Amino acid sequence: MLKVILARLQQGHRTMKYPAGPPPEMPDRFRGRPAIDATRCPEGCRACAEACPTDAVLIADKVRIDLGRCLFCTDCVSACPENAIAYTTDHRLAVRRREDLVLAQDRQELELAAKLDSRLLSLFGRSLKLRQVSAGGCNACEADVNVLNTVGWDLGRFGIQIVASPRHADGLLITGPVTRNMELALKKTYDAVPAPKIVIAVGACAISGGPYVDHPEVCSGAGDVVPVDLYVPGCPPHPLTILDGLLRLLGKLEKSRMLGAST
(Lines give C-alpha, C1' and ligand atoms only; values in the text may rest on other atoms or scores of the structure.)
Protein backbone atom coordinates (compact mmCIF):
# COMPACT_ATOMS: atom_id res chain seq x y z
CA MET A 1 0.00 0.00 0.00
CA LEU A 2 2.85 2.37 0.82
CA LYS A 3 4.38 1.75 -2.62
CA VAL A 4 1.05 2.59 -4.28
CA ILE A 5 0.80 5.87 -2.36
CA LEU A 6 4.41 6.80 -3.20
CA ALA A 7 3.86 6.01 -6.89
CA ARG A 8 0.73 8.16 -6.93
CA LEU A 9 2.60 11.07 -5.35
CA GLN A 10 5.39 10.75 -7.92
CA GLN A 11 2.88 10.78 -10.79
CA GLY A 12 1.23 13.97 -9.58
CA HIS A 13 -1.90 15.42 -11.20
CA ARG A 14 -2.39 13.68 -14.53
CA THR A 15 -5.74 15.03 -15.74
CA MET A 16 -5.46 17.72 -18.41
CA LYS A 17 -6.60 21.24 -17.50
CA TYR A 18 -8.72 21.62 -20.61
CA PRO A 19 -11.27 23.18 -20.92
CA ALA A 20 -10.26 25.45 -18.02
CA GLY A 21 -6.93 25.86 -19.82
CA PRO A 22 -6.05 25.89 -23.52
CA PRO A 23 -6.74 22.72 -25.54
CA PRO A 24 -3.82 20.35 -26.15
CA GLU A 25 -1.72 21.37 -29.14
CA MET A 26 -2.52 19.12 -32.08
CA PRO A 27 0.37 17.75 -34.17
CA ASP A 28 0.83 18.91 -37.76
CA ARG A 29 -0.28 15.51 -39.04
CA PHE A 30 -3.66 15.80 -37.28
CA ARG A 31 -6.56 15.90 -39.72
CA GLY A 32 -9.13 18.38 -38.55
CA ARG A 33 -11.59 20.60 -40.43
CA PRO A 34 -10.80 20.69 -44.18
CA ALA A 35 -10.20 23.98 -45.98
CA ILE A 36 -11.01 24.67 -49.64
CA ASP A 37 -9.10 27.18 -51.75
CA ALA A 38 -11.42 27.54 -54.74
CA THR A 39 -9.04 29.94 -56.50
CA ARG A 40 -6.75 26.98 -57.12
CA CYS A 41 -9.40 24.69 -58.62
CA PRO A 42 -8.74 24.12 -62.35
CA GLU A 43 -11.88 24.60 -64.44
CA GLY A 44 -13.61 21.29 -65.12
CA CYS A 45 -11.34 19.32 -62.78
CA ARG A 46 -13.07 16.57 -60.78
CA ALA A 47 -10.01 14.74 -59.50
CA CYS A 48 -10.84 15.22 -55.80
CA ALA A 49 -14.45 14.08 -56.19
CA GLU A 50 -13.47 11.02 -58.21
CA ALA A 51 -10.84 10.04 -55.63
CA CYS A 52 -13.22 10.22 -52.65
CA PRO A 53 -14.30 6.70 -51.60
CA THR A 54 -17.57 7.88 -50.02
CA ASP A 55 -18.61 10.69 -52.40
CA ALA A 56 -18.02 13.21 -49.61
CA VAL A 57 -16.58 15.72 -52.13
CA LEU A 58 -19.28 17.23 -54.31
CA ILE A 59 -18.67 19.46 -57.33
CA ALA A 60 -21.54 21.37 -58.93
CA ASP A 61 -21.68 25.15 -58.93
CA LYS A 62 -19.12 25.07 -56.11
CA VAL A 63 -16.89 22.59 -54.26
CA ARG A 64 -18.50 21.05 -51.20
CA ILE A 65 -17.25 18.57 -48.62
CA ASP A 66 -19.75 16.59 -46.56
CA LEU A 67 -17.99 15.92 -43.25
CA GLY A 68 -20.72 13.45 -42.36
CA ARG A 69 -19.41 11.20 -45.13
CA CYS A 70 -15.74 12.21 -44.94
CA LEU A 71 -13.27 9.56 -43.74
CA PHE A 72 -10.46 12.13 -43.38
CA CYS A 73 -8.37 9.80 -45.55
CA THR A 74 -6.81 12.71 -47.55
CA ASP A 75 -7.32 10.92 -50.88
CA CYS A 76 -8.81 14.17 -52.19
CA VAL A 77 -5.71 16.07 -51.11
CA SER A 78 -3.42 13.61 -52.89
CA ALA A 79 -5.54 13.66 -56.05
CA CYS A 80 -5.80 17.45 -56.39
CA PRO A 81 -3.12 18.71 -58.82
CA GLU A 82 -3.25 22.25 -57.38
CA ASN A 83 -3.48 21.50 -53.63
CA ALA A 84 -6.88 23.19 -53.42
CA ILE A 85 -7.95 21.08 -50.41
CA ALA A 86 -6.04 20.85 -47.15
CA TYR A 87 -6.77 19.59 -43.66
CA THR A 88 -6.35 22.04 -40.80
CA THR A 89 -5.63 21.13 -37.17
CA ASP A 90 -8.97 22.54 -35.97
CA HIS A 91 -10.51 19.80 -33.79
CA ARG A 92 -13.90 21.54 -33.40
CA LEU A 93 -16.28 19.63 -35.66
CA ALA A 94 -19.45 18.73 -33.73
CA VAL A 95 -22.76 20.20 -34.92
CA ARG A 96 -26.44 19.90 -34.02
CA ARG A 97 -27.90 19.58 -37.54
CA ARG A 98 -26.87 17.12 -40.25
CA GLU A 99 -26.86 19.82 -42.95
CA ASP A 100 -24.36 21.88 -40.96
CA LEU A 101 -21.69 19.27 -41.72
CA VAL A 102 -21.47 20.37 -45.36
CA LEU A 103 -18.57 22.76 -46.00
CA ALA A 104 -18.36 24.83 -49.18
CA GLN A 105 -15.82 27.17 -50.71
CA ASP A 106 -18.01 30.11 -49.56
CA ARG A 107 -18.88 28.56 -46.18
CA GLN A 108 -15.80 27.08 -44.59
CA GLU A 109 -16.66 27.63 -40.94
CA LEU A 110 -18.92 25.11 -39.22
CA GLU A 111 -22.00 26.13 -37.26
CA LEU A 112 -20.66 24.47 -34.12
CA ALA A 113 -23.02 22.72 -31.76
CA ALA A 114 -25.30 24.92 -29.68
CA LYS A 115 -26.29 23.95 -26.17
CA LEU A 116 -29.51 22.11 -25.39
CA ASP A 117 -32.67 24.08 -24.75
CA SER A 118 -33.23 25.36 -21.23
CA ARG A 119 -35.51 22.48 -20.21
CA LEU A 120 -33.10 19.73 -21.25
CA LEU A 121 -30.14 21.71 -19.94
CA SER A 122 -31.76 21.91 -16.52
CA LEU A 123 -32.13 18.11 -16.55
CA PHE A 124 -28.81 17.03 -18.07
CA GLY A 125 -26.48 19.99 -17.52
CA ARG A 126 -25.01 18.71 -14.25
CA SER A 127 -25.43 14.97 -14.76
CA LEU A 128 -25.61 13.18 -18.11
CA LYS A 129 -25.70 9.37 -18.28
CA LEU A 130 -25.15 7.82 -21.71
CA ARG A 131 -25.59 4.26 -22.95
CA GLN A 132 -22.99 3.61 -25.64
CA VAL A 133 -24.26 1.49 -28.55
CA SER A 134 -21.78 -0.05 -30.98
CA ALA A 135 -24.01 -0.62 -34.00
CA GLY A 136 -21.57 -2.68 -36.05
CA GLY A 137 -18.49 -0.48 -35.62
CA CYS A 138 -14.84 -1.44 -36.14
CA ASN A 139 -13.99 -0.40 -32.54
CA ALA A 140 -12.02 2.72 -33.54
CA CYS A 141 -14.70 5.22 -32.48
CA GLU A 142 -15.50 3.03 -29.49
CA ALA A 143 -11.86 3.13 -28.41
CA ASP A 144 -11.68 6.93 -28.63
CA VAL A 145 -14.87 7.24 -26.59
CA ASN A 146 -13.32 4.94 -23.98
CA VAL A 147 -10.21 7.16 -23.87
CA LEU A 148 -12.37 9.91 -22.36
CA ASN A 149 -12.85 7.76 -19.26
CA THR A 150 -9.11 7.48 -18.59
CA VAL A 151 -7.34 9.53 -15.94
CA GLY A 152 -5.91 11.96 -18.49
CA TRP A 153 -9.35 13.06 -19.69
CA ASP A 154 -11.62 12.17 -16.74
CA LEU A 155 -15.01 12.60 -18.41
CA GLY A 156 -16.71 12.12 -15.05
CA ARG A 157 -15.52 15.54 -13.82
CA PHE A 158 -18.11 17.07 -16.14
CA GLY A 159 -20.89 14.91 -14.76
CA ILE A 160 -20.90 12.71 -17.88
CA GLN A 161 -20.85 8.94 -17.43
CA ILE A 162 -21.25 5.86 -19.62
CA VAL A 163 -23.77 3.48 -18.01
CA ALA A 164 -24.52 -0.19 -18.60
CA SER A 165 -28.30 -0.05 -19.07
CA PRO A 166 -30.45 2.17 -21.28
CA ARG A 167 -32.97 2.32 -18.42
CA HIS A 168 -30.34 4.12 -16.35
CA ALA A 169 -29.42 6.49 -19.21
CA ASP A 170 -30.42 9.96 -20.31
CA GLY A 171 -29.51 9.21 -23.91
CA LEU A 172 -27.53 7.13 -26.38
CA LEU A 173 -24.05 7.57 -27.81
CA ILE A 174 -24.01 5.62 -31.07
CA THR A 175 -20.98 4.39 -33.01
CA GLY A 176 -20.84 2.16 -36.06
CA PRO A 177 -22.76 2.13 -39.36
CA VAL A 178 -26.00 0.65 -37.91
CA THR A 179 -26.08 -2.61 -39.77
CA ARG A 180 -29.46 -4.15 -40.55
CA ASN A 181 -28.75 -6.74 -37.85
CA MET A 182 -28.42 -3.89 -35.32
CA GLU A 183 -31.32 -1.78 -36.55
CA LEU A 184 -33.99 -3.38 -34.34
CA ALA A 185 -31.61 -3.59 -31.38
CA LEU A 186 -30.93 0.14 -31.67
CA LYS A 187 -34.65 0.92 -31.85
CA LYS A 188 -35.34 -1.17 -28.75
CA THR A 189 -32.44 0.41 -26.88
CA TYR A 190 -33.71 3.88 -27.77
CA ASP A 191 -37.23 2.99 -26.63
CA ALA A 192 -35.83 1.71 -23.31
CA VAL A 193 -34.30 5.10 -22.46
CA PRO A 194 -36.74 7.16 -20.38
CA ALA A 195 -37.98 10.39 -21.94
CA PRO A 196 -36.78 13.06 -22.39
CA LYS A 197 -33.63 11.73 -24.02
CA ILE A 198 -30.86 12.73 -26.39
CA VAL A 199 -28.90 10.90 -29.08
CA ILE A 200 -25.28 11.49 -30.11
CA ALA A 201 -23.87 10.04 -33.34
CA VAL A 202 -20.08 9.65 -33.17
CA GLY A 203 -18.05 8.98 -36.30
CA ALA A 204 -18.72 8.89 -40.04
CA CYS A 205 -20.32 5.45 -39.79
CA ALA A 206 -22.94 6.56 -37.26
CA ILE A 207 -23.63 9.73 -39.26
CA SER A 208 -23.85 8.40 -42.82
CA GLY A 209 -22.73 4.76 -42.97
CA GLY A 210 -19.06 5.68 -43.40
CA PRO A 211 -17.16 3.48 -45.85
CA TYR A 212 -20.31 1.35 -46.16
CA VAL A 213 -22.52 4.26 -47.22
CA ASP A 214 -25.34 3.23 -49.60
CA HIS A 215 -24.74 -0.48 -48.92
CA PRO A 216 -28.08 -2.33 -48.67
CA GLU A 217 -27.10 -4.02 -45.41
CA VAL A 218 -26.32 -0.72 -43.66
CA CYS A 219 -28.57 2.19 -42.67
CA SER A 220 -27.54 5.64 -43.86
CA GLY A 221 -26.50 6.55 -40.34
CA ALA A 222 -28.22 6.45 -36.97
CA GLY A 223 -30.53 9.26 -38.10
CA ASP A 224 -32.42 6.74 -40.25
CA VAL A 225 -33.41 4.87 -37.10
CA VAL A 226 -33.56 7.38 -34.23
CA PRO A 227 -33.56 11.21 -33.97
CA VAL A 228 -30.03 12.61 -33.50
CA ASP A 229 -29.22 15.67 -31.37
CA LEU A 230 -25.43 15.88 -31.89
CA TYR A 231 -23.20 14.83 -34.79
CA VAL A 232 -19.46 14.30 -34.18
CA PRO A 233 -17.69 13.59 -37.51
CA GLY A 234 -14.41 11.76 -37.98
CA CYS A 235 -13.04 8.32 -38.77
CA PRO A 236 -12.56 8.05 -35.89
CA PRO A 237 -13.06 11.46 -34.27
CA HIS A 238 -10.28 12.47 -31.89
CA PRO A 239 -11.24 12.27 -28.18
CA LEU A 240 -10.85 16.06 -28.05
CA THR A 241 -13.39 16.43 -30.86
CA ILE A 242 -15.86 14.21 -29.00
CA LEU A 243 -15.30 16.06 -25.72
CA ASP A 244 -15.70 19.43 -27.46
CA GLY A 245 -19.07 18.34 -28.82
CA LEU A 246 -20.31 17.02 -25.49
CA LEU A 247 -19.28 20.17 -23.63
CA ARG A 248 -20.90 22.42 -26.22
CA LEU A 249 -24.12 20.41 -25.98
CA LEU A 250 -24.19 20.89 -22.21
CA GLY A 251 -23.19 24.55 -22.33
CA LYS A 252 -20.04 23.82 -20.33
CA LEU A 253 -17.31 24.90 -22.72
CA GLU A 254 -17.62 28.68 -22.47
CA LYS A 255 -18.23 28.53 -18.70
CA SER A 256 -15.14 26.36 -18.15
CA ARG A 257 -12.98 28.69 -20.25
CA MET A 258 -14.20 31.70 -18.28
CA LEU A 259 -13.35 29.97 -15.02
CA GLY A 260 -9.93 29.10 -16.39
CA ALA A 261 -9.30 32.68 -17.45
CA SER A 262 -10.15 33.98 -14.00
CA THR A 263 -7.80 31.63 -12.13
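Residues numbered from 1 in each chain as written. Predicted model: local features only at pLDDT ≥ 70, side-chain atom pairs only at ≥ 80, totals over all residues. Heavy atoms only, no water.

## Describing the packing of aromatic side chains
Phase 1: This structure, assessed with the given rule, holds 1 aromatic pair.
Phase 2: On the basis of an interplanar angle of 50 degrees and a centroid distance of 5.7 Å, the ring pair of Phe-72 and Tyr-87 is categorised as tilted. One end of the pair, Phe-72, is in the loop between strand S3 (63-66) and helix H3 (75-79); the other, Tyr-87, is in strand S4 (residues 85-87), and 15 residues separate them in sequence. With respect to burial, Phe-72 and Tyr-87 carry one shared label: buried.
Phase 3: The ring of Tyr-190 has Lys-197 lying over it, and the distance from NZ or CZ to the ring centre is 4.0 Å. (Phe/Tyr/Trp six-rings, centres within 6.5 Å; stacked < 30°, edge-to-face > 60°. Helix = DSSP H or I, 4+ residues; strand = E, 2+ residues; numbered from the N terminus. Buried < 20%, exposed > 50% of the residue type's maximum accessible area, 1.4 Å probe, protein only. Lys NZ or Arg CZ within 6 Å of the ring centre and 35° of its normal.)

## Focus on the confidence of the model for the protein chain
Phase 1: Mean pLDDT over the protein chain works out to 91, with 96% of the residues at or above the 70 mark.
Phase 2: Across residues 258-263, confidence stays below pLDDT 50; counting only partners more than four residues off in sequence or on other chains, it has 2 contacts. (pLDDT = per-residue confidence, 0-100. Contact = heavy atoms within 4.5 Å.)

## What about the pairing of S3?
Phase 1: Bridge count between strand S2 (residues 57-59) and S3: 3 bridges; the pairing is antiparallel. Paired with Val-57 across the two strands is Ile-65, which belongs to S3.
Phase 2: Two successive antiparallel strands, S2 and S3, enclose a turn made up of 3 residues.
Phase 3: Relative to strand S5 (residues 102-104), S3 runs antiparallel, the two being bridged by 3 bridges. What sits directly across from Ile-65, in S5, is Leu-103. (Pairing = 2+ DSSP bridges.)

## Remarks on the environment of Ala-49
Phase 1: As for its placement among the helices and strands, Ala-49 is situated in helix H2 (residues 47-51).
Phase 2: Those residues within four positions of Ala-49 in sequence are excluded, and the remaining contacts are Val-57 and Ile-59.

## Overview of the sheet that holds S3
Phase 1: On the basis of which strands lie adjacent, the open sheet formed by 3 strands has the order S2-S3-S5 and antiparallel pairing. Edge positions in the sheet fall to S2 and S5, since each of these pairs with one other strand and no more. Strand-to-strand twist across the sheet, computed as the mean angle between neighbouring axes with direction ignored, equals 25 degrees. (Axes fitted to C-alpha atoms, helices over the stretch in contact; angles between N-to-C directions.)

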